[in-house]
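Structure assessment
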Amino acid sequence: MTKRPEDLRSARWFAPDDLRSMGHRSRAMQMGLDHADWQGKPVIAIINTWSDLSPCHHHLRDRAEFVRKGVYQAGGMPVEMPVHSFSEQFLKPTSMLYRNMGAMEVEETLRSHPIDGVVLLGGCDKSTPALIMGALSMGLPFIFMPAGAMLRGNYAGRKLGSGTDVWKYWDERRAGTIGKDEWVGVQGGIARSYGTCMTMGTASTMMSIAEAFGLTLPGASSIPAPDAAHKRMAAACGRRAVEMVWEDLTPDKIVTDVSTANATAVAMATGCSTNAVIHLIAMARRAGVNWGLDDLDRIGHEVPVIANIRPSGTEYLMEDFFYAGGLPALMKEMAGKLDLSALTVNGKTLGENIEPAENYNPDVIRPLGNPVYHEGSLAVLRGNLAPDGAVIKPAACDPKFHRHRGPAIVADSYPELKEIINDPDYPMSPDHVLVLRNAGPQGGPGMPEWGMIPMPQALLKDGHRDMVRLSDARMSGTSYGACVLHVAPEAFVGGPLALIETGDMIELDVPNRTLRVDLADDVLAARKAKWTAPEPRYERGYGHMFSKHVEQADKGCDFDFLRTDFGKPVAEPDIF
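So, here's what we can say about the structure. (Residues numbered from 1 in each chain as written. Predicted model: local features only at pLDDT ≥ 70, side-chain atom pairs only at ≥ 80, totals over all residues. Heavy atoms only, no water.)

1. Thoughts on the environment of Gly288
The topology assignment puts Gly288 in the loop between helix H12 (275-286) and helix H13 (293-302). Gly288 sits 151 residues away from Ser137 along the chain, and the two C-alpha atoms are 9.5 Å apart. (Helix = DSSP H or I, 4+ residues; strand = E, 2+ residues; numbered from the N terminus.)

2. Describing the packing of aromatic side chains
Tallied over the full model, the rule gives nine aromatic pairs. Ring plane angle 50° and centroid distance 5.2 Å describe the contact between Tyr414 and Trp450, whose orientation is recorded as tilted. Separated by 36 residues along the polypeptide, Tyr414 in helix H17 (residues 414-421) and Trp450 in the loop between strand E10 (433-436) and helix H18 (457-460) bring together distant segments of the chain. Take Tyr414: its relative accessible area is 22%, and that puts it in the partly exposed class. (Phe/Tyr/Trp six-rings, centres within 6.5 Å; stacked < 30°, edge-to-face > 60°. Buried < 20%, exposed > 50% of the residue type's maximum accessible area, 1.4 Å probe, protein only.)

3. Describing the side chain of Thr164
Looking at the element boundaries, Thr164 is found in helix H7 (residues 164-175). At a separation of 2.6 Å, a polar atom in the side chain of Thr164 contacts the main-chain carbonyl oxygen of Thr478. With residues up to four places along the chain from it excluded, the contact list for Thr164 reads Thr199, Arg310, Pro311, Thr478 and Tyr480. (Polar contact = N/O pair within 3.5 Å; in protein donor to acceptor, adjacent residues only side chain to side chain. Contact = heavy atoms within 4.5 Å.)

4. Re the pairing of E10
Burial along E10 is two-sided: Val433 and Val435 and Leu434 and Leu436, pointing in opposite directions, are all buried. Bridging between strand E9 (residues 403-411) and E10 involves four bridges; their strand directions are parallel. Residue Ala408 lies in a different strand from E10, and its bridge partner there is Val433. With four bridges connecting them, E10 and strand E11 (residues 468-471) associate as parallel partners. Note that in E11 the partner of Val435 across the bridge is Leu470. (Pairing = 2+ DSSP bridges.)

Taken by themselves, the reported measurements are silent on function.
Below you can see the structure in the form of structure tokens.
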């Protein structure tokens, strides 16, 4: 034990013999608490993203009770505090618009209350980076408790994967190969329990990244949400959070250059979501780690995809991954590509945590010598169309599109795009490149997941199921296809994507990491001189603040004023 009871942060609120602290104690007693609840005990915040409109987190009200039990078992005082739920399905125009707001909420909730340590409950897509970014900025000892994936889907004896099969069957319905009854059957069978998407989408990616950072207990990211082990893990997190306070195990000792490289390598090996790029950069920079696209691409060259999980894999889902040994088994398979000396929240090194792991199914978790894909999940592209970078997921698209040249079909908005893709007679071929712009951080607004552009009906009817699609938007991590995303700078702020016209030739070369439009510099300059900035999306409120301060995709889409190098550190609140 390195911290004494009188050194607890919460003691500033409860310990002094003065007027203000008497008020704190009195109001705590108003809630039925007594001196024995807080005196000399760490106060542990249970930051909960549960809500009635968050199906991925619908069980977290129950899990908070198990965390509470663990805190009591270890001699702490638990306090549950609600924050934004980040419901990916119901939050519009996109949950990404609110990731930074959620991170601010977490940081300020912790700063303004008598909190010593934290258990973060989340898992659905943006909730993981938001919770961790806010907790990193605050700097208190914290542990992340992943929400866990739902059970695999099932319809008519077929295994269904979240998102991935939605896109697949929607294309088939639009092509006329399935009818309404089968579509409704898929609807009822694809989400059979609470928990996050059970493909290696953004939710499973970010929960895995949190574990690879060292911010969860070993194996926590792989436990299915309905499994009884998930409840036991929640209680273990509560116990460990109390111990972390006494040990003064703060996040700056865990999230470092070394653990960031580990997290990136593990992400690549899992076949991660393209959204990992934005969130990894933002999380690392909140910890003062200068991490960017070149770092991700370098590691992507070195680490193959070894998790045979859809959509990069061919058959398996997160439930299968758990039974095969989960993330500890995957990290053990790739141990030679990790720094095993990295410290984790249980006070042990990564190497110590994965030493007992076993791989029970080498087809689900492949050895490095038999990968799903020979390089990492993601590739970073640059060129005159994306000077600051763009991202593609080569393992999840038809290899014939890794090198491609074709004429652009440009849509300036999603309604315009829908007119193109829903027209069965639109003049196009599979060689065309379908472009959506003004869907980036400011243009979307909030960079919605519109980059998984549905296949046009004009091509579906002829049996085509993939083509090159290009945008400054994001796409769901459950998606697949030859989708080039996150083009930076975005079109809305005058990036080169704003300048291309229908018919311009687009050149994609994944092996050489290039993305360009076949136009001379003087032609692009002339078009830029004629370009007119669009009207702002917001003129008041949070959206106005977002538009003024959000950074571009290559920098993680954080707010500029939340960077660690922006201004002096925020002091502890005055208590007078």
